[in-house]
Amino acid sequence: MANVVVVGSQWGDEGKGKIVDWLSERADVVVRFQGGHNAGHTLVIDGVKYKLSLLPSGVVRQDKMAVIGNGVVLDPRALADEIGRLAEQGVAVSEANLRIAENTPLILSLHQELDAIRENNSSADTRIGTTRRGIGPAYEDKVGRRAIRLMDLVNLNTLPGKIERLLVHHNAIRRGLGVEEISAQTIYDELVGVADKILPFMDKVWYLLDERRKAGDRILFEGAQGALLDIDHGTYPFVTSSNTIAGQAATGSGLGPNAINYVLGITKAYTTRVGEGPFPTELNDEIGQFLGERGHEFGTVTGRQRRCGWFDAVLVRQTCKTSGISGIALTKLDVLDGLDEIKVCVAYELDGKRIDYLPASQGQQARVKPIYETLEGWSGTTAGARTWNDLPAQAVKYVRHIEELIEAPVALLSTSPERDDTILVQDPFED
Ligand code: GDP
Ligand code: IMO
Ligand code: MG
């Protein structure tokens, strides 16, 4: 039995898509278990770029089963668009290779609209900087027990009652916001319009995964976002609305946690963040600009410029604990090529005291100051390296130092966006 969970260990965009794509060669089933089309996962295969938001990155390999678990919030129109875009790139997605949990809550147009209204109405210091995809409002309805779930599209006789329930809540909010109310017929038409396209993918995912597990198949879980965007363990309230840490792979799919053998944390060799919120090692200088340009740090989903900063070992060490990370995939090492010196945050100063963790309080998170160690850079290049021996000695030192600071080993090393520019140190499926 060898099932692996991949999660982001920072604020998202660590390179999860690339690593999941690379690892999926060794897997049979690839599962998304939280988030929605706020995710943007980029794969580059022989120079061709694929951008995935809702579909698991394993979908580009035709012999793999792609699964969307109940922990995801699913926008049916976004799914149809993504399937269409992939078809244009020659990737076929059908009922044969995509299954979606029947108990997956749906994102409706009213969720997206509410997300945008809230962002537009917020002041500079309260705005979250969401992707405006309706993620937060959809999760609120799930937890509020009024969501429309995929299986609700099967019985059109009971659907109107569920829509009424949902609208009692939403129209009250809309009245408060001074926005026009929505009629039940509008939502009904929206749902009936997509039902035929999406219902063929519906399945009992917990059952399917149990069958595949018993058959000895390898299951790979693909996290979205990153640990510091987790609704409980992240930089609240500047977070997404789901649990993004590894424990969610079990609840968001229905496969029990004892079936998970390895947690791979995807970790960028520096730090980025898109959207608002604290970022202790952020660099608002020419080095931050250099990292952004060299690393092409622009959002896959929204095109927004990502904020950049030095590697923060305090954060990643904490993430390694909260996600139970067995090993990391260190990505984008090549972006640091050519820097004279590289800083790494090893602790924080908070109100004159040294601490080795990120406090939970919003006020304290805003006040922590990074304490840095400075390492020598390297003059050679790591870009495109495919073996450990191709790495400059100083780059190896940097990697080894990160391992020590975060108390977790490097299992994979990524040296460019290309699928095959990846160095395997320890196979998560064989651990
Ligand atoms: P994800 O959301 O975690 O899947 O990451 P994104 O795809 O949003 O962002 C990561 C970006 O870095 C993408 O453009 C990748 O193609 C690219 N990338 C991934 N690994 C590497 C790497 O090792 N080096 C470089 N230079 N780019 C990488
Ligand atoms: P991947 O999977 C980076 C951020 C948004 C915002 C906050 C809340 O590509 O790593 P939301 O729309 O989820 O309510 O926004 O979370 N965010 C991400 N940042 N990568 C992502 O996904 C993200 N998904 C959401 O920018 O700050
Ligand atoms: Mg991304």
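Residues numbered from 1 in each chain as written. Chains lettered and ligands numbered in written order. Predicted model: local features only at pLDDT ≥ 70, side-chain atom pairs only at ≥ 80, totals over all residues. Heavy atoms only, no water.

1. Describing the coordination of the magnesium ion (ligand 3)
Move 1: Taken together, D13 (OD) and G40 (O) make up the protein donors of the magnesium ion (ligand 3), found 2.0 to 2.2 Å from the metal. A residue pair is termed long-range when its members are at least 10 positions apart, and D13 in the loop between β1 (4-8) and α1 (16-23) and G40 in the loop between β2 (29-32) and β3 (41-45) qualify at 27 residues.
Move 2: Residue class for D13 comes out partly exposed when judged on its relative accessible area of 21%. (Donors = N, O, S within 2.8 Å, 3.2 Å for Na, K, Ca; no water. Helix = DSSP H or I, 4+ residues; strand = E, 2+ residues; numbered from the N terminus. Buried < 20%, exposed > 50% of the residue type's maximum accessible area, 1.4 Å probe, protein only.)

2. Here's the deal with the site of ligand 1
Move 1: Looking at ligand 1, there are 18 residues lining it, with K16, G40, T42, D334 and S414 nearest.
Move 2: One of the backbone nitrogen or oxygen atoms of K332 is found 2.9 Å away from an oxygen atom of ligand 1.
Move 3: With respect to ligand 1, the backbone of S416 contributes an N or O atom lying 3.2 Å from an oxygen atom.
Move 4: Here ligand 1 loses 93% of its free accessible area of 580 Å² to cover by the protein chains.
Move 5: Broken down by secondary-structure element, the contributors of at least two residues to the shell around ligand 1 are α1 and β3. (Near = heavy atom within 4 Å. Polar contact = N/O pair within 3.5 Å; in protein donor to acceptor, adjacent residues only side chain to side chain. Areas by Shrake-Rupley, 256 points an atom, 1.4 Å probe, with all protein chains shown as cover.)

3. Topic: the site of ligand 2
Move 1: Near ligand 2 you find 20 residues, and of these D13, K16, H41, T131 and T240 are the closest.
Move 2: Residue K16 places a side-chain N or O atom 2.6 Å away from an oxygen atom belonging to ligand 2.
Move 3: Here R304 contributes a side-chain N or O atom positioned 2.9 Å from an oxygen atom of ligand 2.
Move 4: Its free accessible area being 550 Å², ligand 2 has 97% of it covered by the protein chains.
Move 5: Partitioning the shell around ligand 2 into residue classes produces seven nonpolar, ten polar and three charged. (Nonpolar A, V, L, I, M, F, W, Y, C, P; charged D, E, K, R; others polar.)

4. Things to note about the side chain of T244
Move 1: Along the chain, T244 falls in the loop between β8 (219-222) and α8 (248-251).
Move 2: Separated by 2.8 Å, the side chain of T244 and the backbone oxygen of G226 make a polar contact.
Move 3: Excluding anything up to four places from it in sequence, T244 contacts V7, Q34, A224, Q225, G226, A227, L229 and D230. (Contact = heavy atoms within 4.5 Å.)

5. Considerations on the pattern of salt bridges
Move 1: Taken as a whole, this structure holds 26 salt bridges when the rule is applied.
Move 2: A salt bridge links K214 to E211; the nearest nitrogen and oxygen atoms lie 3.6 Å apart. Separated by three residues within a single helix, K214 and E211 lie in helix α7 (residues 205-214), roughly one turn from each other.
Move 3: Residue K214 is classed as exposed on the basis of its relative accessible area of 54%.
Move 4: Residue class for E211 comes out partly exposed when judged on its relative accessible area of 38%.
Move 5: Two residues, R306 and E297, come together in a salt bridge whose shortest N-O distance is 2.7 Å.
Move 6: When its relative accessible area of 1% is taken as the criterion, E297 is described as buried. (Salt bridge = Lys/Arg side-chain N within 4 Å of Asp/Glu carboxyl O.)

6. Concerning the domain arrangement of the protein chain
Move 1: Domain parsing of the protein chain yields domain 1 (4-102 + 204-262), domain 2 (109-198) and domain 3 (267-430).
Move 2: Each of domain 1 and domain 2 has a C-alpha centre, and the two are 23 Å apart.
Move 3: In this assembly, 23 residues from domain 1 lie in contact with 18 residues from domain 2.
Move 4: Buried area between domain 1 and domain 2, summed over both chains or domains, comes out near 1,500 Å², and the portion from carbon and sulfur atoms is 67%. (Domains from an automatic or database assignment. Buried area = accessible area lost by both parts, 1.4 Å probe.)

7. Here's the deal with the sheet that holds β2
Move 1: On the basis of which strands lie adjacent, the open sheet formed by ten strands has the order β7-β6-β5-β2-β8-β1-β9-β13-β17-β18 and mixed pairing. The sheet terminates laterally at β7 (202-203) and β18 (422-424), the two strands that pair on one side only. (Pairing = 2+ DSSP bridges.)

8. So, the environment of G58
Move 1: Note that G58 resides in the loop between β4 (48-52) and β5 (65-68).
Move 2: Through-space distance from the C-alpha of G58 to that of N97 is 9.9 Å; in sequence the pair is 39 residues apart.
Move 3: Filtering out sequence-adjacent residues up to four positions away, G58 remains in contact with V20, S24, V30, K64 and E222.

9. With respect to the packing of helix α3 (residues 109-121) against helix α5 (residues 159-177)
Move 1: At a minimum axis separation of 12 Å, α3 and α5 run at an interaxial angle of 25°. The orientation of α3 relative to α5 falls into the category roughly parallel. Judged by the sense of rotation from one axis to the other, the crossing of α3 with α5 is left-handed. Contacts between α3 and α5 involve L110, H111, E113, L114, I117 and N121 from the former and L166, L167, H170, I173, R174 and L177 from the latter. (Axes fitted to C-alpha atoms, helices over the stretch in contact; angles between N-to-C directions. Parallel < 35°, antiparallel > 145°, perpendicular 65-115°, else oblique. Left-handed = near helix turned anticlockwise from the far one by under 90°.)

10. What to know about the pairing of strand β9 (residues 262-268)
Move 1: Burial analysis of β9 places seven of its seven residues in the buried class, which makes it a mostly covered element.
Move 2: The alternating pattern of β9 places Y262, L264, I266 and K268 on one face and V263, G265 and T267 on the opposite face, and all of these are buried.
Move 3: Pairing geometry for β1 and β9, over five bridges, is parallel. Bridging across to β9, V4 finds its partner in Y262.
Move 4: Here five bridges tie β9 to strand β13 (residues 327-331), and the two strands are oriented parallel to one another.

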